[in-house]
Amino acid sequence: MKFLSVIDSHTEGEPTRVVLDGVPDLGAGSMRERLEILRDRYDWVRSACANEPRGFDAVVGAVLLPPVDPANDAGVLFFNNTGYLHMCGHGTMGVAETLRHLGRLHGNVCRLETPVGTVSATLRGDGAITVENVPSYRRDKALQIEVEGLGTVTGDVAWGGNWFFLTQDVGVAVAPGNIALLTDIATRIRAALSPEIDHIEIFGPPSRPDAHSKNFVLCPGGAYDRSPCGTGTSAKLACLHADGKLRPGEVWRQESVIGSLFEGTFRLDGESLIPSVNGRAYVTGEAKLLLRDQDPFRHGFPLT
Ligand code: PYC
């Protein structure tokens with residue numbers, strides 16, 4: 001029987017499952033190299049944690065590893081129900097809160113190596129955590145695509161640690177009652193994009209008086225992000241700056257489809273835009289997942 005020790009948390013409603021123990025040795029290479037080994041040889045770790053019956057489609061997993069640079073606190077590889085993420089904003093907050101819960105942090109700042117660069121998380125008390133993300137930028141402005149059943153949709157393509165297609169142009173309110181419809185629309189938009197962009201972010205007016213905007217984010221595995229999406233908020237900041245609508249240090253409050261909130265801001269480092277995203281993460285459980293050899297679903301079953 002194999003086992004995986006995990007700690008579950010949520011960040012503004014979006015789950016993170018940190019895998020602490022039970023992952024086979026991934027070597028001592030870069031985070032990209034270790035990600036390839038995890039994907040190519042031990043994908044069962046991902047599937048067992050993120051797929052039913054032990055997980056569900058919204059779960060983002062995070063394998064915690066020793067860092068390459070001992071000055072950093074840990075390395076982390078993020079995954080979901082269908083594959084691997086380059087970075088994850090809400091997941092970084094979940095990892096930081098998990099490390100604090102375990103007493104593994106020495107101060108209130110933790111530095112984590114990801115396959116796309118090192119990020120930091122500053123714990124501010126009461127679950128509030130600010131992530132300083134990788135440099136973010138807009139690649140395409142006002143791209144027009146033809147979407148089946150929708151016609152022409154206009155949006156930007158931006159990098160915030162993952163790739164996003166960002167649009168306001170769908171004619172459906174961003175509201176919990178429309179999640180099935182928004183999922184269908186976002187899935188059609190993704191199908192129309194070539195080359196593929198794996199996250200689709202649809203914006204609308206906020207419901208909360210303290211927010212600037214509300215979003216619906218379709219993740220690669222078909223689940224929607226319950227949080228306002230840390231990498232998606234970073235991509236949005238890059239677009240707002242490129243349009244001259246947000247200056248360094250100004251705060252953008254991004255509401256999620258379920259009504260939770262991230263606060264985003266950025267600094268400029270030469271030509272690079274460095275986003276910071278603030279949200280709240282809470283540990284929800286500690287578990288040892290048991291994967292018995294006789295259990296036909298010990299490695300989960302994909303629904304997509
Ligand atoms: O917070 O960056 C994020 C994220 C990506 C996918 C789900 N959450």
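Quick summary incoming for the structure in this document. (Residues numbered from 1 in each chain as written. Predicted model: local features only at pLDDT ≥ 70, side-chain atom pairs only at ≥ 80, totals over all residues. Heavy atoms only, no water.)

## Quick look at the environment of Phe 165
Working step 1: Position of Phe 165 relative to the elements: it lies in strand β11 (residues 163–167).
Working step 2: Classification of Phe 165 as buried rests on a relative accessible area of 0%.
Working step 3: Through-space distance from the C-alpha of Phe 165 to that of Arg 54 is 31 Å; in sequence the pair is 111 residues apart. (Helix = DSSP H or I, 4+ residues; strand = E, 2+ residues; numbered from the N terminus. Buried < 20%, exposed > 50% of the residue type's maximum accessible area, 1.4 Å probe, protein only.)

## Description of helix α5 (residues 230–242)
Working step 1: Helix length check: α5, at 13 residues, gives a terminal C-alpha distance of 18 Å against a target of 18 Å (1.5 Å per residue), a fit within 8%.
Working step 2: α5 sits mainly inside the fold: 11 of its 13 residues count as buried.
Working step 3: Looking only at α5, the buried set comprises Gly 230, Thr 231, Gly 232, Thr 233, Ser 234, Ala 235, Lys 236, Leu 237, Ala 238, Cys 239 and Leu 240.
Working step 4: Immediately downstream of α5, the backbone of Gly 244 shows phi near 75°, a positive value. (Expected span 1.5 Å × (residues − 1).)

## Some thoughts on the pattern of salt bridges
One side chain can pair with another of opposite charge once the charged atoms of both are near each other.
Working step 1: By the definition in use, this model includes 16 salt bridges.
Working step 2: Of the charged contacts in the structure, one is a salt bridge between Asp 8 and Arg 17, with a shortest N-O distance of 2.8 Å.
Working step 3: Salt bridges sharing partners connect three or more residues here, namely Arg 138, Lys 141, Asp 156 and Asp 243. (Salt bridge = Lys/Arg side-chain N within 4 Å of Asp/Glu carboxyl O.)

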